[in-house]
Amino acid sequence: MTDKTLIVSAPGKVILHGEHAVVHGKVALAVSLNLRTYLQIGLCSNGRVQINLPNIDTCLSWESAALQFLLTTIDADVLNPKAASQEQVDKLRQFAGIPDGCVDTRSLAILCFLYLYGAISASSRQLPSMEILVWSELPTGAGLGSSAAYSVCLAAALLTANESIACPVPEENGTVRWAEDELELINKWAFQGEKLIHGNPSGVDNAVGTWGGALKYHAGKIMPLNRIPTLRILLTNTKVPRSTKTLVAGVKDKLNKFPSIIGPILNSIDAISCECERTLAAIVAGDSTEESYAVLEELIDINQHHLNVIGVGHSSLDRLCQATALHSLHSKLTGAGGGGCGITLLRPGTVQRYKTHPCMKGTVEMKVAVVTQELRVQSVDCFLCSTRHRILGRQRGERMEKQEKGG
Ligand SMILES: Nc1ncnc2c1ncn2[C@@H]1O[C@H](COP(=O)(O)OP(=O)(O)OP(=O)(O)O)[C@@H](O)[C@H]1O
Ligand SMILES: C[C@@](O)(CCO)CC(=O)[O-]
Ligand SMILES: [Mg+2]
């Protein structure tokens, strides 16, 4: 892509059920969001490599010559992505001046970039001069897969820049997408990027970031979910900062300490994901929607309790659950928890009456307006999202967008 500018984008995600359990081989159900991360990459001839990350107030630039150590440190095969070794991570940290154990936003983003840039360039033994700009509609570190969207964009752009993947096929709507095997490669490299940010990711977030739509993820297997209705979800960002890496490590510690106590909870979360999948299929089949929604709501409540038990709850999320429960709405955390975002399931239609306040006759729409107003008093951000455009009629491989400008 000499002398060209390329823009790629990848969506964030909402995990319906299965967060944390999925890291331990259980099922997770996730859907992509209509909030995306964008990356612009331009190859240049000024002998420099620049990465600009405005969401996290970071802009770094190096002489390509100063990055030559990457070629001796990383001997990766571009077609067989592998994780950074501890020795490689130590060298990258040393170069970037990141102290050991430092897991702040900038450090993780830069480590991820340096590894993917070095590893993807290693096969061609050349370090291209480039300018990269990444910006996102997703809140950083809030449970909506911002790290995965970042890693997917980096992997897609760097693989395209060094021509390890071909130019994608144009679609009628002006966007373009890669072939399936190329998406597989993007996903594998994004997973390596996620490892640097998360420590021990399951791979569900980068799978949604790469393919979009709704999917079931189980032990590395990605299965598109076709029988799922349009779900309306109220997304609430508590704005309480947290780190997925720390939370995932905390659950592992608890599981190691109390295997016979925490193990069954993870099994129960697995069963919740499977029951949720069956219930969603029943709604699509037109089976007693009212009853099915009641099941979905109960599953949300049970899972939220489980997530509290495994140590990834937060008082801000408890407040969300309590505030929405007052309106007979059901909420749970989504993503790694510990703050970040929660989801509230909204029933379809406009004729649902208030249950807890029968004197206040109103529609779901009114109920949502009221609850949103009440939540905003707690200084949280609320936004409504629908899974409709992200699920129905989409095929795997449809999600990555690319535009080429110039030559
Ligand atoms: N727009 C961005 N620019 C630079 N780095 C980003 C950006 N978005 C995410 N990151 C990187 O990802 C990290 C956040 O990842 P983390 O996994 O903790 O949260 P998340 O992915 O938003 O939530 P979850 O993993 O629960 O879905 C940040 O610390 C940063 O290193
Ligand atoms: C907490 C977790 O299950 C989901 C984070 O979005 C971690 C992972 O699956 O990698
Ligand atoms: Mg993440």
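Residues numbered from 1 in each chain as written. Chains lettered and ligands numbered in written order. Predicted model: local features only at pLDDT ≥ 70, side-chain atom pairs only at ≥ 80, totals over all residues.

Going by the annotation in an unreviewed UniProt entry, the name recorded for the chain is Mevalonate kinase, with Callorhinchus milii given as the source organism. Per its UniProt entry, the chain bears the Function (unreviewed entry) comment "Catalyzes the phosphorylation of mevalonate to mevalonate 5-phosphate, a key step in isoprenoid and cholesterol biosynthesis." Quoted straight from UniProt, the Catalytic activity (unreviewed entry) entry for the chain says "(R)-mevalonate + ATP = (R)-5-phosphomevalonate + ADP + H(+)". (UniProt positions renumbered as here; feature names shortened; annotations may be inferred.)

Colleague: Could you give an account of unusual backbone geometry, with specific residues and numbers?
Modeller: For His20, which is not glycine, the phi torsion reads 70° and is therefore positive. Tracing the backbone through its elements, the reader meets His20 in the loop between β1 (5-17) and β2 (28-43). One non-glycine residue with positive phi stands out, namely Lys239, at about 65°. For Lys239, the position within the fold is in the loop between β10 (232-237) and α7 (244-257). You can call Lys239 partly exposed: it has 15 C-beta atoms within 10 Å. (Helix = DSSP H or I, 4+ residues; strand = E, 2+ residues; numbered from the N terminus. Buried ≥ 20, exposed ≤ 12 C-beta atoms within 10 Å, placed from the backbone.)

Colleague: For the domain arrangement of the chain, give the residues involved together with the corresponding values.
Modeller: The domain architecture assigned to the chain consists of domain 1 (6-226) and domain 2 (231-371). The C-alpha centroid of domain 2 is placed 29 Å from the C-alpha centroid of domain 1. Contributing elements (two or more residues each) for the side of domain 1 that touches domain 2: β1, β2 and α5 (180-198). If you tally residues by element for the side of domain 1 that touches domain 2, the top one is β1, at four residues. Taken together, the residues that form the side of domain 1 that touches domain 2 break down as 13 nonpolar, eleven polar and three charged. (Domains from an automatic or database assignment. Nonpolar A, V, L, I, M, F, W, Y, C, P; charged D, E, K, R; others polar.)

Colleague: Explain the site of ligand 1 residue by residue, including any values.
Modeller: In the neighbourhood of ligand 1, 26 residues make up the surrounding shell, with Ala109, Ser146, Ser147, Thr244 and Gly335 lying closest. Elements supplying a minimum of two residues to the shell around ligand 1: α3 (105-122), β5 (130-136), α4 (146-161) and α5. Examining the composition of the shell around ligand 1, we find that four residues originate from one element, α4, more than from any other. Its residues placed into classes, the shell around ligand 1 shows eleven nonpolar, 14 polar and one charged. For the shell around ligand 1, the domains that each give at least three residues are domain 1 (6-226) and domain 2 (231-371). (Near = placed C-beta within 6 Å.)

Colleague: Lay out the pairing of β1 with the relevant residues and their values.
Modeller: Most of β1 sits inside the fold, with eleven of its 13 residues counted as buried. The pairing of β1 with β2 spans eleven bridges and is antiparallel. Bridge assignment links Val14 to a residue of β2, and that residue is Val31. (Pairing = 2+ DSSP bridges.)

Colleague: Which residues make up helix α9 (residues 289-309), and what are the values?
Modeller: With 21 residues, α9 extends 30 Å between its outermost C-alpha atoms, agreeing within 8% with the 30 Å of an ideal straight helix rising 1.5 Å per residue. Among the residues of α9, those classed as buried are Ser292, Tyr293, Leu296, Leu299, Ile300, Asn303, Gln304, His306 and Leu307. Looking straight down α9, one finds its buried side chains confined to an arc of 160°; they lie on one side. More than 90 degrees from the buried face of α9, the exposed residues found are Glu290 and Glu291. Elements that come into contact with the buried residues of α9 comprise β1, α8 (259-284), α10 (315-325), β11 (330-333) and β12 (341-346). Of the residues one or two after α9, Gly311 is the one with positive phi, at around 95°. (Expected span 1.5 Å × (residues − 1). Arc of directions from axis to C-beta. Contact = placed C-beta atoms within 7 Å.)

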